[in-house]
Amino acid sequence: MIGAGGSVVAAGAGELLTAAVAEMLGIPRATADWVKRGPCVRLDGGERFEAEDGTRGFLDRPAPASAAGQLAVDGPGGWLPFGRRHAPGEWRVIRLRLKLAVLAANFRRAVGTLGQDPAQVLIVGGPAGDEELLGVITRSLADGVPVGRGDVGGTCPGEPLGHRYAVALGLALAP
């Protein structure tokens, strides 16, 4: 985190969130890393689903039969099932509370270390792709403090890199 009076590194919260999700659900950390990121669905059968907001619909591509009745997220190789214990809406509430407990707490510690409340927040790197994280950080700030996602490399020649490459670009541009 960078402020007018200095900077502070507040790393590790994403890994802590992954570990918390893995422990809570009893799943491998690699699966938890995908599960923590956002919305899930309950796979009702080969092609039907129930979303976190209660809507029901049909999948664009069939899910494996072994995933029927399970919560699942869209993972790197298709639907990634991860459990049967929770309803989709229930898991959403738990996931958001975990994000608030881990990520917002880490953010508040960093702000406290800088000793000043931010006038605005710009998030870059992998976490900037998490829409829920932007909302969690917004809710942890005073009213009216804007939170946004950085377009890394937007002022460099060529196409903008997007939010994910903040660290790589910073290292490349460092003296």
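Up top you'll find the structure we're talking about.
Conventions and cut-offs
Residues numbered from 1 in each chain as written. Predicted model: local features only at pLDDT ≥ 70, side-chain atom pairs only at ≥ 80, totals over all residues. Heavy atoms only, no water. Helix = DSSP H or I, 4+ residues; strand = E, 2+ residues; numbered from the N terminus. Contact = heavy atoms within 4.5 Å. Lys, Arg positive; Asp, Glu negative; His and termini not counted. Charge placed at Lys NZ, Arg CZ, Asp CG, Glu CD. Pairing = 2+ DSSP bridges. Axes fitted to C-alpha atoms, helices over the stretch in contact; angles between N-to-C directions. Phe/Tyr/Trp six-rings, centres within 6.5 Å; stacked < 30°, edge-to-face > 60°. Lys NZ or Arg CZ within 6 Å of the ring centre and 35° of its normal. Left-handed = near helix turned anticlockwise from the far one by under 90°. Nonpolar A, V, L, I, M, F, W, Y, C, P; charged D, E, K, R; others polar. Expected span 1.5 Å × (residues − 1). Bend = angle between axes of the 7 residues up to and from the residue. Buried < 20%, exposed > 50% of the residue type's maximum accessible area, 1.4 Å probe, protein only. Core = buried A, V, L, I, M, F, W, Y, C linked by side-chain atoms within 4.5 Å.

### Quick notes on the overall build of the protein
Right, on to step 1. Per the secondary structure count, the protein includes five helices and nine strands.
Right, on to step 2. Mapped from its N terminus to its C terminus, the protein presents α and β elements in the order β-β-α-α-β-β-β-β-β-α-β-α-β-α.
Right, on to step 3. Put simply, of all contacts in the protein between residues at least 6 apart along the chain, 54% involve residues at least 24 apart.
Right, on to step 4. Between the mean site of the 18 positive side-chain charges and the mean site of the 18 negative ones, the protein shows a separation of 5 Å.

### Some thoughts on the pairing of strand β4 (residues 48-51)
Right, on to step 1. Pairing between strand β3 (residues 41-43) and β4: three bridges, direction antiparallel. The residue bridging Val-41 from the neighbouring strand is Ala-51, located in β4.
Right, on to step 2. Here β3 folds back onto β4, and the loop between the two strands holds four residues.
Right, on to step 3. Pairing of β4 with strand β5 (residues 56-58), which is carried by three bridges, proceeds in the antiparallel orientation. Bridged to Arg-48 within β5 is Phe-58.
Right, on to step 4. What sits between β4 and β5 in their antiparallel hairpin is a turn of four residues, with Gly-54 showing a positive phi close to 90°.

### Quick look at the sheet that holds strand β7 (residues 78-83)
Right, on to step 1. With respect to topology, five strands assemble into an open sheet ordered β5-β4-β3-β6-β7, the strand pairing being antiparallel. With one partner strand each, in any of the chains shown, β5 and β7 form the two edges of the open sheet. Neighbour-to-neighbour, the strand axes of the sheet open up by a mean angle of 40°, direction not taken into account.

### With respect to the packing of aromatic side chains
Right, on to step 1. Taken as a whole, this structure holds one aromatic pair when the rule is applied.
Right, on to step 2. Of note, Arg-37 hangs over the ring of Trp-34, and the distance from its end group to the ring centre comes to 4.2 Å.

### Remarks on the packing of helix α1 (residues 13-25) against helix α3 (residues 88-114)
Right, on to step 1. Taken N-terminus to C-terminus, the directions of α1 and α3 make an angle of 150°; their axes are 9 Å apart at the nearest point. Where α1 crosses over α3, the two elements pack in a sense that is right-handed. On the side of α1, the interface is formed by Ala-13, Gly-14, Leu-16, Leu-17, Ala-20, Val-21, Met-24 and Leu-25, while α3 contributes Trp-91, Ile-94, Leu-98, Lys-99, Val-102, Leu-103 and Asn-106.
Right, on to step 2. When the residues that make up the contact of α1 with α3 are grouped by side-chain class, the tally is 12 nonpolar, two polar and one charged.

### Observations concerning α3
Right, on to step 1. Helix length check: α3 (27 residues) gives 38 Å between terminal C-alpha atoms against 39 Å at 1.5 Å per residue, within 8%.
Right, on to step 2. The sharpest bend along α3 reaches about 30° and sits at Leu-100.
Right, on to step 3. Positive phi appears at Gly-115, one or two residues downstream of α3, with a value of about 80°.

### Re the side chain of Thr-31
Right, on to step 1. When you line up the elements, Thr-31 lands in helix α2 (residues 29-35).
Right, on to step 2. Accessibility expressed as a relative area gives 15% for Thr-31, which makes it buried.

### A look at the nonpolar core
Right, on to step 1. Membership of the largest hydrophobic core comes to 27 residues, with the highest contact counts inside it found for Val-21, Val-35, Phe-82 and Trp-91.
Right, on to step 2. Looking at this core, the elements with two or more residues in it are α1, α2, β6 (71-75), α3, β8 (121-123) and α4 (131-139).
Right, on to step 3. With near-sequence residues (within four places) excluded, Phe-82 lies in contact with Leu-25, Ile-27, Thr-31, Val-35, Cys-40, Gln-70, Leu-71, Ala-72, Val-73 and Trp-91.
Right, on to step 4. Core analysis: the second largest hydrophobic core is formed by nine residues, Leu-43, Phe-49, Ala-51 and Leu-59 among them.

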